[in-house]
Amino acid sequence: MDIIPRKKWGARPPRSRYTVTWGQRTEFFVHHTAGAKSQLVRAIQDFHMDTNGWNDIGYNFLVDEDGTVYEGRGWTVVGAHCPGHNQTGISVAFIGTNNPTPAAKKSIRRLYEESCRRAERKLLQLCHGDRYATSCPGSVLRAWVKAGMPVDELAEKPIKVVVRDGVALWPGRLLELRDPMMRGADVEAWQARLAKRGWTIDVDGWYGPQSRGVCRAWQRAVGLPDTGRVDEATWESAWSWTPPEKSA
Ligand SMILES: [Zn+2]
């Protein structure tokens, strides 16, 4: 599953951090941030570090209403989310107040499944309020966790890049700079192709400002409108375009 890493949301470094082994993880906690759904992850971190005086953002992961997953402390770092359960429990917080979307629930469930896969056991599904006197994560998420975190469809549909005779076929989605940033095998394939052509571009699968800049310059070089978005024509030109021959 795609997780926005700390550096992509501008995380401050932790003051200190302690890790546990997967063998110590037995629980999976669901929280909500009890704030605005538009609250930035960095603002939550600032609040936890500057107001609460914690080492870092409290949660191991966060999920917003679009279902985007943000790395908090990460998989095996001890969190600050439920006293007495920070070693044993992995925590995920929905960014909002008792108003989770289907997309958010799906991402929480995927985090749960991935946690179990890594721990090699079924982790106990818990609400913050199950182990501490709090209304967190709100009545809607509580009922959902008690029902076993049901979702319509769990499987992700990964982006696949089909290569035929050395040419990667158009993946069928526009690559563009977005917030949160687009990521995928298609972005990486396009970046690798431009790098192979001698352009300075990080082949990391993230369509960031650098990718947009290279895309614009490429589009100008091959005579396409410089939109900074990899559409079908821009994609295909990365494989098919050859410089015009110099006349003698
Ligand atoms: Zn909580």
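Higher on the page you've got the structure.
This structure is a prediction, so every number in the text was calculated from the model and none was measured.

Draft legend 1. Quick peek at the overall build of the protein. Counting secondary structure elements, the protein contains seven helices and seven strands. What you see in the protein, going N to C, is helices and strands ordered as β-α-β-β-β-α-β-α-α-β-β-α-α-α. For the C-alpha atoms alone, the extent of the protein along its principal axes is close to 80 × 40 × 35 Å. Counted over contacts in the protein with a minimum sequence separation of 6, partners at least 24 positions apart contribute 64%. Carbon and sulfur atoms form 50% of the exposed surface of the protein, whose accessible area is close to 12,700 Å². Of the side chains in the protein, 35 bear a positive and 28 a negative charge, and the two mean positions are spaced by 3 Å.

Draft legend 2. Inspection of the coordination of the zinc ion at higher detail. Note on the zinc ion: its protein donors are H31 (ND1), H128 (ND1) and C136 (SG). The metal-donor distances range over 2.0 to 2.3 Å. All donors of the zinc ion come from a single chain, and their spacing in sequence reads H-x96-H-x7-C. In this pair, H31 is assigned in strand β1 (residues 27-32) and C136 in the loop between α3 (128-131) and α4 (139-146), connecting sequence segments 105 residues apart. Per residue, the accessibility class of H31 equals that of C136, and both read buried.

Draft legend 3. Highlighting the packing of aromatic side chains. Counted by the stated rule, this structure contains eight aromatic pairs. With centroids separated by 6.0 Å and ring planes inclined at 45°, the aromatic side chains of W22 and W75 adopt a geometry described as tilted. Taken together, the residues span a long stretch of sequence, with W22 in the segment before β1 and W75 in the loop between β3 (69-71) and β4 (89-94) at a distance of 53 residues. Note on W190 and Y207: the rings are 5.7 Å apart at their centroids and 45° apart in plane angle, and the pair reads as tilted. Of the two residues, W190 sits in helix α5 (residues 185-196) while Y207 sits in the loop between α5 and α6 (209-222), which places them 17 residues apart along the sequence. Residue W190 is classed as buried on the basis of its relative accessible area of 0%. Looking at Y207, the relative accessible area reads 0%, which means it is buried. Each residue in the set W22, F61 and W75 is aromatic and connected to the rest through ring pairs, giving one cluster.

The rules we used
Counting restarts for each chain, with residues numbered from 1 along the sequence as it is written. Reporting of local features is limited, given that this is a predicted model, to residues whose pLDDT is at least 70; pairs of side-chain atoms are given and counted only at 80 or more, and all residues count toward the totals for whole chains, interfaces and linings. As a rule here, side-chain values cover all heavy atoms of the structure and leave hydrogens and water aside. The helix and strand labels rest on DSSP assignments: H or I over at least four residues marks a helix, E over at least two residues marks a strand, and numbering proceeds from the N terminus. Contacts were defined at the residue level, with two residues in contact if any of their heavy atoms lie within 4.5 Å. Surface accessibility in these figures is a Shrake-Rupley result with a 1.4 Å probe; residues are shielded only by whichever protein chains are displayed. Counting rule applied: Lys, Arg positive; Asp, Glu negative; His and chain ends not counted. A charge is said to be at NZ when it belongs to Lys, at CZ for Arg, at CG for Asp and at CD for Glu. Distances up to 2.8 Å from the metal define which N, O and S atoms are donors, and 3.2 Å serves for Na, K and Ca; water is absent from the atom set, so sites may look incomplete. For every residue, the accessible area (1.4 Å probe, protein chains only) is compared with the maximum for its type, and the residue is labelled buried under 20%, exposed over 50%, or partly exposed between those bounds. Classification of ring pairs rests on two measures: the distance between centres of Phe, Tyr or Trp rings, Trp counted by its six-membered ring, which must be within 6.5 Å, and the angle between planes, read as stacked under 30 degrees, edge-to-face over 60 and tilted in between.

Scope: geometric values only; no functional claims are made or implied.
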